[in-house]
Amino acid sequence: MRLTDHTDYSLRTLIYVAVHPDELVHVQSVAEAFDIPKNHLVKIVQKLGQLGFLHTVRGRAGGIRLGRPPARIGLGEVVRAMEPDFAMVECFHQGENACVITSACHLRGVLGEALRAYFTVLDRYTLADLVGQPEVLRRLLGDAVTAAVPVADIKVRRRVTAS
């Protein structure tokens, strides 16, 4: 099984932001650190924000930070949310399955079990587990020239909703 680039870049973005807990990170910094096209990354960040994994701040002094603590961002949750489909073979698609041996074949059951095991493992880990050595990660990400803004320097206006 292979994750899409979309999910891979999502996880990398979350890792980058997690090792900068006191900063508002620019999308450009993440794009440069991982050599990811910024336009592609903007779409990913937007979705991560909509899902609550990231908090985005617009404007000139804008950027991104985690939407919740790293220990509350489960890897299985992120992968499920970002991957478009887990139908590994045709017989996973009930309505579109044209395989002639489906009724006698056990492949769907075996692969279904494997997929459940895959998520069982992912569900045991959080973003906090991935960033256990933040100093090492920051160094590897080339943070000598980071383009992040300390969160303490950001003034965020809260949106008030009518009840």
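Everything numeric here is computed off the predicted structure, so don't read it as measured data.

Draft legend 1. Just the nonpolar core, in detail. With 33 residues, the main nonpolar core has Leu14, Leu41, Leu54 and Leu66 as its most contacted residues. Looking at this core, the elements that each hand over two or more residues are α1 (5-18), α2 (27-34), α3 (38-50), β3 (63-66), α4 (75-82) and α5 (107-122). Ranked by residues supplied to this core, first place goes to α1 with seven residues. Not counting chain neighbours up to four residues away, the residues in contact with Leu14 comprise Leu48, Phe53, Leu54, Leu66, Ile73, Val78 and Leu127.

Draft legend 2. Highlighting the packing of aromatic side chains. Under the criterion given, the structure shown has two aromatic pairs. Judged by centre distance (6.4 Å) and plane angle (70°), the ring pair of Tyr16 and Phe34 falls under edge-to-face. With Tyr16 in helix α1 and Phe34 in helix α2, this residue pair connects regions lying 18 residues apart in the sequence. Residue class for Tyr16 comes out buried when judged on its relative accessible area of 2%. The interplanar angle of 75° and the centroid separation of 5.2 Å between the aromatic rings of Tyr118 and Phe119 together place this pair among those described as edge-to-face. Taking relative accessible area as the criterion, Tyr118 reaches 26% and is therefore assigned partly exposed.

Draft legend 3. Representation of unusual backbone geometry. Despite not being glycine, Asp35 shows a phi value in the positive range, around 55°. Turning to its location among the elements, Asp35 is positioned in the loop between α2 and α3.

What counts, and at which threshold
Residues numbered from 1 in each chain as written. Predicted model: local features only at pLDDT ≥ 70, side-chain atom pairs only at ≥ 80, totals over all residues. Heavy atoms only, no water. Core = buried A, V, L, I, M, F, W, Y, C linked by side-chain atoms within 4.5 Å. Buried < 20%, exposed > 50% of the residue type's maximum accessible area, 1.4 Å probe, protein only. Helix = DSSP H or I, 4+ residues; strand = E, 2+ residues; numbered from the N terminus. Contact = heavy atoms within 4.5 Å. Phe/Tyr/Trp six-rings, centres within 6.5 Å; stacked < 30°, edge-to-face > 60°.

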